[in-house]
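# Results of the structural survey
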Amino acid sequence: MAIASSSLTLRRLSAPSKLTSLHQITPIPHKPHLKFPSIPNLPRPLFISNLQNPKPKKPRWKNPEIRSLFTGIVEEMGQVTHLGYAQDVGFEMKIRARTVIEDVKLGDSISVNGTCLTVAEFDKERSEFRVELAPETLRKTSLVELEKGSYVNLERAVLASTRMGGHFVQGHVDGTGEIVSLDPEGDSLWVKVKTTPQLLKYIVPKGFIAVDGTSLTVVDVFDNEESFNFMLVAYTQQNVVIPLKKIGQKVNLEVDILGKYVERILGSGFLSSIKSS
């Protein structure tokens, strides 16, 4: 099947080519205890001026209905090659990838660190695609901590023929958590994440949770610490971004939707109406 919150102010940028981060904090490089495969340097320049698909002049609004579904099985780690403010569309991000761009089309949904985003442009020759980021997305997710060069988990939306190797993940981030500990045990890694009581009530031992878009199994829940933990095996550590983060950084969280449905049914008085009938 996986900085402490601070008040961040997004401001309109007049020189997007100079932007290297969506916040003013530069993360200290983290060295996980496992050896990760080397990744080749990105080609220059990082900014694209001749993408093969024209840029839409106005943002396209979508209905809030569920249009995509993911499994939480990360297909690859992509790398952010550009982020900044673009005229007419607001904040945008360009990501270098290989697998998810193979059959990409305009309007496709791709999970980026567990956040369902829409492909607005792509260039297969450069193995790169562009997504647009709404201010609300930056406020509610950990994407605000990304900078040029950051790695992100990527997954395409499932097809009818896709094997469900993880669990049902919508790409609708419920909130963020803060990494409070990273403890190796053999070649595995224990990760503890602190979150809000509002989210913790949906998290149960041995239950599903999506952390940065990775389908994981919760090991324990610590109500008095408002936290939970999970373990990453060696293979997972080398194929997702979580071990690349350090203590204090944020992760996107999406709880199992089944818990929300149960809460809704119990709160609607449905069971009481059955008992009284």
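Reference entry: report on the structure contained in this document. (Residues numbered from 1 in each chain as written. Predicted model: local features only at pLDDT ≥ 70, side-chain atom pairs only at ≥ 80, totals over all residues. Heavy atoms only, no water.)

The phi angle at N113 is positive, at roughly 50°, despite the residue not being glycine. Summarising the element assignment, N113 is placed in the loop between β3 (109–112) and β4 (115–123). Given the relative accessible area of 1%, N113 is considered buried. In this structure, K206 is a non-glycine residue whose phi angle is positive, near 70°. Mapped onto the elements, K206 comes out in the loop between α2 (197–200) and β9 (208–211). For K206, a relative accessible area of 62% gives the class exposed. (Helix = DSSP H or I, 4+ residues; strand = E, 2+ residues; numbered from the N terminus. Buried < 20%, exposed > 50% of the residue type's maximum accessible area, 1.4 Å probe, protein only.)

So, about the sheet that holds strand β13 (residues 250–255). Within the open sheet, the seven strands sit side by side as β10-β9-β13-β7-β8-β12-β11. Their pairing is antiparallel. Across the chains shown, the open sheet's two edge strands, defined by having one partner strand only, are β10 (214–217) and β11 (220–222). On average, adjacent strands in this sheet sit at an angle of 35° to one another, irrespective of strand direction. Here strand β7 (residues 175–185) pairs with β13 via four bridges, running antiparallel. Each bridged residue has a counterpart across the sheet, and for G177 the counterpart in β13 is V251. (Pairing = 2+ DSSP bridges. Axes fitted to C-alpha atoms, helices over the stretch in contact; angles between N-to-C directions.)

What follows covers the packing of aromatic side chains. Overall, the coordinates contain two aromatic pairs when judged by the stated rule. When the centroid spacing of 5.9 Å and the interplanar angle of 85° are considered together, the rings of Y85 and F91 count as edge-to-face. For F91, a relative accessible area of 9% corresponds to the buried category. The interplanar angle of 35° and the centroid separation of 6.2 Å between the aromatic rings of F228 and F230 together place this pair among those described as tilted. Accessibility assignment for this pair places F228 and F230 in one class, buried. Here K192 stacks its cationic end above the ring of F222, 4.3 Å away from the centre of that ring. (Phe/Tyr/Trp six-rings, centres within 6.5 Å; stacked < 30°, edge-to-face > 60°. Lys NZ or Arg CZ within 6 Å of the ring centre and 35° of its normal.)

Moving on, we get to the sheet that holds strand β6 (residues 151–156). Backbone hydrogen bonds are what pair the strands of a sheet, in a parallel or an antiparallel way. The antiparallel closed barrel is built from six strands, whose spatial order is β1-β2-β5-β4-β3-β6. Strand-to-strand twist across the sheet, computed as the mean angle between neighbouring axes with direction ignored, equals 45°. The sheet contact formed by β3 and β4 spans four bridges and is antiparallel. Paired with I110 across the two strands is L117, which belongs to β4.

With that settled, consider the pairing of β9. When β9 meets β10, the two strands line up antiparallel, connected through four bridges. Within the sheet, the bridge partner assigned to V211 lies in β10 and is T214. The antiparallel pairing of β9 with β10 creates a hairpin that spans two residues between the two strands, and D212 there sits at a positive phi of about 50°. Sheet topology note: the β9/β13 ladder contains three bridges and is antiparallel. In the strand pairing of β13, V211 is matched with L253.

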